[in-house]
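Overview (structure and organization)
So the chains spell out like this:
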Amino acid sequence: MDEKRKVAIIAGQLVVGGAERQLYLWLAHMDRDKFDPLVITLHPNHNDYWEKPIEDLGIPLFRVAQKPGKLRRLVEIIKILRPIKPDIIHGWHFFSSVYAGLAARFLRVPCLGGIRSQYSPHEKGLDNYLVKTNCDAVVANSQAAAYAYQRALKKKHQAIYTVPNAVMDYPIDRNAVRKELADAHNLPMDALWVCSVGRMDPLKRFDLLLEMIDRLRNEKRKFHIVLIGDGPEKAHLEALASSLNIDRLISFLGEIPNAGRWLKAMDIFCFPSLSEGLPNAVMEAAAAGLPIVAWKLPFCEELLPDKSQAMLVQPGNLDEMTSALSQLLNSAQLQAQYGSAARSHILENFGLERYIQKMTAVYEFVIKRDKGLA
């Protein structure tokens, strides 16, 4: 593929989030001698965090509003793309893949759909059907999501690629970052910091973490919970902490862009979410060398498959997860062992270079196949 190819990426949103960060990493490191990208966001007028960084890369960003309706939105997308004549249209999120597929069908160009979270065909309905019938291929960020989508296809043939998320290793001095966070948020320097990161919605199950803290409040080892994120569940979680009388043990730091930069200041990472694609928070915690407690679910086993790399417990077994967290709180040796093993595995298998190579290969193959060159 010698000539530069025009790439149109349609994103459902550009908020602070793992999927959106992965989009930025792809745009920032793609070979601009091969690809000429543009981005369409379907979530304008919300001051989404990644809008400016993407524009700062010199990449055109088009904003298509939700109103007055889905059909008008599709017409607007086609109006933007028709004079540009893209060589491929990529729906970054599954929702935006619906528009990508329909626009690509109208413009007669290849389309790549995207699965950036846990996939369930029963939840997708019409979106699921439209992605199946209009996208030439789909790229998933986890094997679990790719397998689930493959099963849902049944007899329908569609190419499916798996490109795992990338993780960054931040060369940051732990002591300096820890002091900066302690000063900014009044965190106790003499305690172990148990961290969790994510959007505060019911699926993340931060309420389970609070229940564990209630059970562990009398541990001999002093600890403090640091929650990074924002969302509709935050007020409820703050009220729950107060009702359990554990609010003194918890700090809600709110939304912090590039939260991975601060994880080296933490001591333990606890991830109670039951529904994920390939969780960036777990990857970044592992890259920071933190010991991890999480559920034994496909998205975590895909990241940390060996029992020496994380303490993965049976999903929903709060007694088991509480016990695992207690063991880590009371053993510096276990913290070091799990943290070191997790860091080595994640950095070796989920590096940025591999991510860029795989995404490039997927684009090239889909474009070549459409032109009869593959």
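Here is a short report on the structure shown in this document. Keep in mind that what you see is a predicted model, and the values were worked out from it rather than measured.

**Points about the overall build of the protein**
Secondary structure summary: the protein contains 15 helices and 13 strands in total. Here the protein has a C-alpha radius of gyration of 22 Å; the compact-globule value for 374 residues is 21 Å, and the two agree. C-alpha extents for the protein along the principal axes are approximately 65 × 40 × 40 Å. Taken across its 374 residues, the protein has 55% of its residues classed as buried.

**Digging into the packing of aromatic side chains**
Applying the stated criterion across every chain, the model contains 9 aromatic pairs. Note on Phe35 and Tyr363: the rings are 5.6 Å apart at their centroids and 70 degrees apart in plane angle, and the pair reads as edge-to-face. Pair noted here: Phe35 is in strand 2 (residues 35-41) and Tyr363 is in helix 15 (residues 352-370), with a separation of 328 residues, a long-range link. Taking relative accessible area as the criterion, Phe35 reaches 0% and is therefore assigned buried. On the basis of an interplanar angle of 70 degrees and a centroid distance of 6.3 Å, the ring pair of Tyr161 and Phe365 is categorised as edge-to-face. Here Phe365 lies in helix 15 and Tyr161 lies in strand 7 (residues 159-162), a separation of 204 residues in the sequence. A residue is classified by how much of its surface remains accessible, and Tyr161, at 18% relative accessible area, is buried. Using a relative accessible area of 38% as the deciding quantity, one classes Phe365 as partly exposed. An aromatic cluster of three or more residues is present, and its members are Tyr24, Tyr49 and Trp50.

**Description of the environment of Pro305**
Within the fold, Pro305 resides in the loop between helix 12 (298-303) and strand 13 (311-313). Pro305 sits in the exposed class, given a relative accessible area of 53%.

**Brief notes about unusual backbone geometry**
Phi is positive for Arg108, which is not a glycine, with a value near 60 degrees. In this structure, Arg108 sits in the loop between helix 4 (94-107) and strand 5 (111-115). On the accessibility criterion, Arg108 (77% relative accessible area) is exposed.

**Description of helix 7 (residues 143-153)**
Listed as buried for helix 7 are Ala145, Ala146, Ala148, Tyr149, Ala152 and Leu153. Angular distribution of buried residues about the axis of helix 7 spans 165 degrees; they occupy a single face of the element. Opposite the packed face of helix 7, turned more than 90 degrees from it, sit the exposed residues Tyr147 and Arg151. Lys154, located one to two residues past helix 7, shows a positive phi value of around 55 degrees.

**Regarding the pairing of strand 10 (residues 250-254)**
Consecutive side chains along a regular strand alternate between the two faces of the sheet. Counting buried residues along strand 10, 4 of its 5 residues qualify, which places the element largely inside the surrounding structure. As for the winding sense of the linkage, the β-α-β connection from strand 9 (residues 223-228) through helix 10 (residues 234-243) to strand 10 is right-handed.

**Describing the state of the cysteines**
This structure, assessed with the given rule, holds 0 disulfides. Its sulfur unpaired, Cys300 is 10 Å from the next cysteine sulfur, which belongs to Cys270. Using a relative accessible area of 2% as the deciding quantity, one classes Cys300 as buried.

**With respect to the sheet that holds strand 6 (residues 137-140)**
Backbone hydrogen bonds hold the strands of a sheet together, and the pairing may be parallel or antiparallel. Read from one edge of the open sheet, 7 strands run 3-2-1-4-5-6-7, paired in parallel fashion. What marks the edges here is a single partner per strand, and that holds for strand 3 (61-63) and strand 7. Across the sheet, the mean angle separating the axes of adjacent strands is 20 degrees when strand polarity is ignored. Packed on one face of the sheet, helix 3 (residues 70-81) meets strand 1 (5-11), strand 2, strand 3 and strand 4 (88-91) and runs near 155 degrees to strand 2.

**Examining the packing of helix 9 (residues 206-216) against helix 10**
Across the interface, helix 9 lies against helix 10 with an axial gap of 10 Å and an inter-helix angle of 15 degrees. Taken together, the axes of helix 9 and helix 10 are roughly parallel relative to one another. Our pair here, helix 9 against helix 10, has a crossing hand that is right-handed. Counting all contacts with helix 9, which are made through Phe206, Asp207 and Leu210, the residues of helix 10 involved are Leu237, Leu240 and Ala241. Here the residues of the contact of helix 9 with helix 10 are counted per class, giving 5 nonpolar, no polar and 1 charged.

Cut-offs applied
- Residues numbered from 1 in each chain as written.
- Predicted model: local features only at pLDDT ≥ 70, side-chain atom pairs only at ≥ 80, totals over all residues.
- Heavy atoms only, no water.
- Helix = DSSP H or I, 4+ residues; strand = E, 2+ residues; numbered from the N terminus.
- Rg over C-alpha atoms; globule rule 2.2 N^0.38 Å.
- Buried < 20%, exposed > 50% of the residue type's maximum accessible area, 1.4 Å probe, protein only.
- Phe/Tyr/Trp six-rings, centres within 6.5 Å; stacked < 30°, edge-to-face > 60°.
- Arc of directions from axis to C-beta.
- Right-handed = clockwise from strand over helix to strand, strands pointing away.
- Disulfide = S-S within 2.5 Å.
- Pairing = 2+ DSSP bridges.
- Axes fitted to C-alpha atoms, helices over the stretch in contact; angles between N-to-C directions.
- Contact = heavy atoms within 4.5 Å.
- Parallel < 35°, antiparallel > 145°, perpendicular 65-115°, else oblique.
- Left-handed = near helix turned anticlockwise from the far one by under 90°.
- Nonpolar A, V, L, I, M, F, W, Y, C, P; charged D, E, K, R; others polar.

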